[in-house]
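Here's the letter readout for the chains.
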Amino acid sequence: MPTYSVLVVDDEIDFMETLVNRLTRRKMEARGVPSGEAALALLNERTFDVILLDIKMPGAMDGMETLREIRQRHPLAQVILLTGHASLETSMEGMRLGAFDYLLKPVKFEDLLEKIGAALGKSQPVLP
Amino acid sequence: MERLIYRRLRLQIIGLTLVVAITPLVLLGGAIYNQFERAHEARIEDQMRLLANSQSSVVDVFLRERTNLLGILVERHSFDEMSRQEFLERLFETLNRRSDMLGLVDLGVIDASGLHVSYVGPFNLKGFNYEQQPWFSEVMAKGKYVSDVYMGFRLFPHIIIAVRGRTGEHQWILRATIDLEMLNQMVRTAQAGRMGDAFIVNQNGVYQTQPRFDGQILEGSGMDPKRFSQGVTTVSKDSSGRVTYYYAGSWLKSKNWLLVIRQRTDDEVGGLVHTRNTAVTIVALGVLAIVITTVFIAHIVVRHLAAVQKELDAMSAQLVQADKMAALGKMATGIAHEINNPLAVIGEKAGWMKDLLEEEEFRQSPNAEEYFSAVAKIEEHVERARKITHNMLGFARRMEPRLDDVEINRVVDQTIELLANHARTNNINIHKRYHPSLPVIASDHAKLQQVMLNLINNAIDAIGSNGNIEVATALEDNRILVSVKDDGPGIPKEYQRNIFDPFFTTKANGRGTGLGLSISYSIIEKLGGTITFESEPGKGTIFRVNLPVVLPEKK
């Protein structure tokens, strides 16, 4: 049973930490960062199978900006947008930029796990 | 209030139209009547002028003939002959026999000293001396003379004609008295109508003939003959006193007498009164027609206006409702967004606590069950709050139309499938009645499914248990109709106005958010459709969704 790595990017520290703890407890390699910049910095060192990305974050890089960067540098990482601020426009924009899916906070943990599983299934590299 | 405005408007329209329409009519009627009156008056005046003129000529001729006759006599006969009583008697007898209408009452010869030398006639005037009489010197000076009516020696009104004769150096006068009755009769022929009068006055206004009505010969007539100019026949109108008279006066040519025709206006205006009555009747009928038409038109116009206003009011009410929805949507979105993040933290923390409670040490705590149940409750209520905020976002969500190719029948089918279990356990039969060939339209599959889910779910909830739901699709006038009909208890009348308002619910506390129908309303509206319902308490409710047929773009 392979261990999958998950990165949680969210400025709501309480949420981010708790989610990391819960994922870790379920045998995933989970890490959390509070901003888009921090996420990109960490992604310079290593990659993740799944990235849970908040859209509305303070700082120079919001979720969309971060998503764009991630898609360029790590095309294999599956990004699931996870936000309390939902609109059809942002969700469509996210999907257009290549996000795997779009979830609205608060999300049932079981649903989240299911989504991560689906993303992982999709992220299996297709070998030539 | 509103009725008062319309009543005032109607009165204004009626008032203005009546003034504008009736004024010219009345003015026209008045003008025509006035014109006619003037023409009528002119005609009367013409007639009277003609009559006065001809009558004065007749009198003129009468006097001149007699004057000429006397003139011929003095030329043909000498003073010696004429002063002989027998000769004069024979002459007088011959004259009267030959011409019975001559009107000579007597005939007399007066010598230069004024002595009446011979006389034939009913009065014994022979021997009177006329030297002192004013007419005597006038005849001697001018050769002929026609007198006004006067009493003279006979103490009886009469007129005389006197002509001067000349035999050698000797001057003398032939004088005749004219029968006044002949003059009277002659003038009387011009007395027209019931009230018409004709008479002669001298230059001082003294009656020379007997007037038909009040007044006697030789009395003053009260007229001022100088009002009538010489040589022409003048007509004037005299309104002094209670009655109005027309006067036509014509001066005689051979004598300073004025022949007057007098006519009472009311004697002549019979035709005029008839004309006036006709005009008044026509104007009155016209006014009546205008009044009826105006009132009728005003009524129609105002009623139409009221109807339009009512329509406008309904439209503005609809706009207000849409505005209300938009504002509420904006507010709801804001609130939902702000609440979602803390809600997520609560949810995750509760989940984390649940995770930790799984561990052995906690499990042995005497309160472990309490902890589990408390955490489960927290999770349950987070879930409840989540549904609300997500619904609020769904309610406000902007829709991008023409996302999918949608087969309505399939949407309905899928929804019914979802709810089939739920319905079956409540012993509710769902009947389908689909249009067999609905076109595929460009719309939002998921949103439509949300709406159908909502409507059918509501129908199930409304029935409770044991009942029927009929879901039908149809195609009408290039629009797709989807109806959901239940045989539940129906919606009470007092709630029917509010069922599309957000947060309005009749379901038990916690069972419904009150957002389902307002979200559905919002979705269908944004898809360019309408959603309506009919409900009869005790019989059931039918919701109708009406969607435009928008064909998908060719891909």
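Please read these numbers as outputs of a predicted model, since none were measured by experiment.

Residues and elements named next belong to chain B. At a minimum axis distance of 9 Å, the contact between helix 10 (residues 408-425) and helix 11 (residues 445-463) shows a crossing angle of 40 degrees. Regarding the angle of helix 10 to helix 11, the classification is oblique. Pair helix 10 / helix 11 crosses with right-handed handedness. Contacts from Ile408, Arg410, Val411, Val412, Gln414, Thr415, Ile416, Leu418, Leu419, His422 and Ala423 in helix 10 reach His445, Leu448, Gln449, Met452, Leu453, Ile456, Asn457, Ile460 and Asp461 in helix 11. By residue class, the composition of the contact of helix 10 with helix 11 is 12 nonpolar, 6 polar and 2 charged.

Residue and element names in this part refer to chain B. Read across the open sheet, the 4 strands follow the order 6-9-8-7; overall the sheet is antiparallel. On the outer flanks of this sheet lie strand 6 (197-202) and strand 7 (234-238), each paired with one strand and no other. Neighbour to neighbour, the strand axes of the sheet diverge by 25 degrees on average, direction disregarded. Pairing geometry for strand 6 and strand 9 (residues 257-264), over 6 bridges, is antiparallel. Opposite Val201, over in strand 9, you have Leu258 as the bridge partner.

This paragraph deals with the sheet that holds strand 11 (residues 428-433) of chain B. Residue and element names in this part refer to chain B. The mixed open sheet is built from 5 strands, whose spatial order is 11-13-14-16-15. Two strands lie at the open edges of the sheet, namely strand 11 and strand 15 (530-536), each paired on one side alone. For this sheet, the mean angle separating the axes of adjacent strands, direction not counted, is 15 degrees. One ladder, built from 8 bridges, connects strand 14 (residues 479-486) with strand 16 (residues 540-548); its direction is antiparallel. For Arg479, the partnering residue across the bridge sits in strand 16 and is Pro548. In this fold helix 10 packs onto strand 11, strand 13 (467-476), strand 14 and strand 16, with an angle of close to 170 degrees to the strand it touches most, strand 11.

Chain A puts 21 residues into the contact, and the matching count from chain B is 26 residues. Of the roughly 2200 Å² buried between chain A and chain B on both sides combined, carbon and sulfur atoms contribute 57%. Put simply, chain A and chain B have 5 salt bridges between them. A salt bridge links Arg22 of chain A to Glu348 of chain B; the shortest N-O distance between them is 3.2 Å. At the boundary of chain A and chain B, one finds 10 residue pairs in polar contact (both at pLDDT 80 or more). Mapped onto the side of chain A that touches chain B, the elements with two or more residues apiece are helix 1 (13-25) and helix 4 (88-96) of chain A.

Now for the side chain of Asp197 of chain B. Residues and elements named next belong to chain B. Structurally, Asp197 is set in strand 6. Side chain to side chain, Asp197 and Gln191 meet in a polar contact 3.3 Å long. For Asp197, the contacting residues outside a window of four places in its chain are Gln191, Pro211, Arg212, Phe213, Val260, Ile261 and Arg262.

Mean pLDDT over chain A stands at 85; residues scoring 70 or higher make up 90%. Scored below 50 in pLDDT, residues 124-128 of chain A makes 1 contact in the model with residues more than four places away or belonging to other chains.

All names here are of chain B. Within the element layout of this structure, Arg363 appears in helix 8 (residues 360-363). Dropping the residues within four chain positions of it, Arg363 is found in contact with Leu357, Glu358 and Ala368. There is a polar contact of 3.1 Å between the side chain of Arg363 and the backbone oxygen of Glu358.

Segmenting chain B into domains produces domain 1 (1-268), domain 2 (298-397) and domain 3 (400-548). Centre-to-centre separation of domain 2 of chain B and domain 3 of chain B, based on C-alpha positions: 21 Å.

Judged by side-chain polarity, Phe296, Ile297, Ile300, Val301 and Leu305 of chain B come together as a nonpolar surface patch covering roughly 420 Å² of accessible area. Position of Val301 of chain B among the secondary structure elements: in helix 7 (residues 270-357).

All right, on to helix 11 of chain B then. In a regular helix each residue adds 1.5 Å, so 19 residues correspond to 27 Å; helix 11 of chain B covers 27 Å between its end C-alpha atoms and thus fits that length. For helix 11 of chain B, the N-terminal cap is Asp444 of chain B; the gap from its side-chain oxygen to the backbone nitrogen of Lys447 of chain B is 3.0 Å.

All names here are of chain A. A cis amide bond, omega -15 degrees, links Lys105 with the succeeding residue Pro106. Tracing the sequence through the fold places Pro106 in the loop between strand 5 (101-104) and helix 5 (109-123). In the Ramachandran plot, Lys27 falls in the positive-phi region, its phi being about 65 degrees despite a non-glycine side chain. Residue position: Lys27 is located in the loop between helix 1 and strand 2 (29-33). Residue classification places Lys27 among the exposed residues on the basis of a relative accessible area of 66%.

What counts, and at which threshold
Residues numbered from 1 in each chain as written. Chains lettered and ligands numbered in written order. Predicted model: local features only at pLDDT ≥ 70, side-chain atom pairs only at ≥ 80, totals over all residues. Heavy atoms only, no water. Axes fitted to C-alpha atoms, helices over the stretch in contact; angles between N-to-C directions. Helix = DSSP H or I, 4+ residues; strand = E, 2+ residues; numbered from the N terminus. Parallel < 35°, antiparallel > 145°, perpendicular 65-115°, else oblique. Left-handed = near helix turned anticlockwise from the far one by under 90°. Contact = heavy atoms within 4.5 Å. Nonpolar A, V, L, I, M, F, W, Y, C, P; charged D, E, K, R; others polar. Pairing = 2+ DSSP bridges. Buried area = accessible area lost by both parts, 1.4 Å probe. Salt bridge = Lys/Arg side-chain N within 4 Å of Asp/Glu carboxyl O. Polar contact = N/O pair within 3.5 Å; in protein donor to acceptor, adjacent residues only side chain to side chain. pLDDT = per-residue confidence, 0-100. Domains from an automatic or database assignment. Patch = residues over 30% accessible without salt bridge, like charges linked within 9 Å, V, L, I, M, F, W, Y side chains within 5 Å. Areas by Shrake-Rupley, 256 points an atom, 1.4 Å probe, with all protein chains shown as cover. Expected span 1.5 Å × (residues − 1). Buried < 20%, exposed > 50% of the residue type's maximum accessible area, 1.4 Å probe, protein only.

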